[in-house]
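# Chains, contacts and geometry: an overview
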Amino acid sequence: MTRRRVLTLVPVLAAVSAALFAAAAVSPFDPLVGYLGARYESTSAADRALLTDQLGLDAPWYQLYWHWAADLLTGNLGFSRSFGQPVSELLAQRLPWTALLVVVGMSAAVAVALGVGVWAGMHRGGTVDRLVAATCVALQGLPPFVVSLGAIALFAVGLGWLPPAGLTDAGADAEFGQVARHLVLPAAALAVSQLPWLLLAVRESVSDRRGEDFVVGAATRGIDTSTITRRHILPTSLAPFVTILGVRLPEVVVGAVLVEEIFSWPGVAGAFVQSAKDLDMALLAVLTIGTTCAVMLGSLLADIAVVVLDPRVRADG
């Protein structure tokens, strides 16, 4: 199954990128508007037509797609009209900041989900467990942008503890202290938006494993609870957790885009939105297939991790 899914990666990416170019061809947005910006209204119709021809904006979508794909195969990612620089340079500048946000935010979500989820699962029905479950259910209904705006209103505007946006203070260098302070709110917002599903998955899985024969047998042999939890319950509970994590990868991507936009974080989200508005196909296509590839590979790695963590899955397969 793993080999088959890897083999489908290329045709899926090709279909997604081709569909993107086809959809852009019927889009009501004029890419020339994004290219000229405020100068569009003052540009004569003749100059607009000349620019359209020079930029190749009037070519059929399949011709544009073929040229883009041919360049991509040679390692040329193209030139972004929206940002006036090669796509490769733009990604080199912005991808590290997106990676930092996602890694920190999701690491925090995973750590809290495992710690609190295991405790709640081992004390199912208690006061703290009911409080945790109620909080998770409430947070599940909040989209990432609501969580982000709430965090800004409370911790930046209300309490003044943290900066509301940006990578650093105005005019400051991107030093560790500056970046870390500005990272707290967006990373926390991303973590909170993904935490409920992960935590509830751990809680349910741990609670179910508590009643299985191998756990009961370990308890009757006098093994202490912490050892049973660490060696018997937690390893078999990680498989459902990893599955949920893999399934939610598209939501993580969407959440990261929304969080970056709201907090003005200088990652790829702003470039994604701008390229979509301007129909900057060189940039938009690379970001789209990159996101699709990341989601598919992430899901594949999650499936592999499930097999490694739970031998019963391998036996059933």
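These numbers come from a predicted model, not from an experiment.

### As for unusual backbone geometry
With a phi close to 50 degrees, Ser 264 is a non-glycine residue in the positive phi region. Within the secondary structure, Ser 264 sits in the loop between α12 (249–262) and α13 (268–278). A relative accessible area of 47% places Ser 264 in the partly exposed class. Even without being a glycine, Leu 279 presents a positive backbone phi close to 50 degrees. Counting through the fold element by element, Leu 279 comes out in the loop between α13 and α14 (281–309). A relative accessible area of 9% means that Leu 279 is categorised as buried.

### Here's the deal with helix α5 (residues 61–73)
Its 13 residues give α5 an end-to-end C-alpha distance of 18 Å, which sits within 8% of 18 Å, the value for a rise of 1.5 Å per residue. Among the residues of α5, those classed as buried are Tyr 65, Trp 68 and Ala 69. For α5, the buried positions fall inside an angular range of 100 degrees around the axis, keeping them on one side. Positive backbone phi, approximately 90 degrees, marks Gly 75, located one or two places after α5.

### Some remarks on the packing of aromatic side chains
For the structure on display, the rule yields six aromatic pairs. The interplanar angle of 45 degrees and the centroid separation of 5.5 Å between the aromatic rings of Phe 21 and Trp 68 together place this pair among those described as tilted. Here Trp 68 lies in helix α5 and Phe 21 lies in helix α2 (residues 9–25), a separation of 47 residues in the sequence. Phe 21 sits in the buried class, given a relative accessible area of 4%. A residue is classified by how much of its surface remains accessible, and Trp 68, at 9% relative accessible area, is buried. What links up through ring pairs into an aromatic cluster is the set Phe 21, Tyr 65 and Trp 68.

### So, the pattern of salt bridges
Enumeration according to the criterion identifies two salt bridges in this entry. One network of salt bridges, with partners in common, ties together Asp 129, Arg 203 and Glu 204.

What counts, and at which threshold
- Residues numbered from 1 in each chain as written.
- Predicted model: local features only at pLDDT ≥ 70, side-chain atom pairs only at ≥ 80, totals over all residues.
- Heavy atoms only, no water.
- Helix = DSSP H or I, 4+ residues; strand = E, 2+ residues; numbered from the N terminus.
- Buried < 20%, exposed > 50% of the residue type's maximum accessible area, 1.4 Å probe, protein only.
- Expected span 1.5 Å × (residues − 1).
- Arc of directions from axis to C-beta.
- Phe/Tyr/Trp six-rings, centres within 6.5 Å; stacked < 30°, edge-to-face > 60°.
- Salt bridge = Lys/Arg side-chain N within 4 Å of Asp/Glu carboxyl O.

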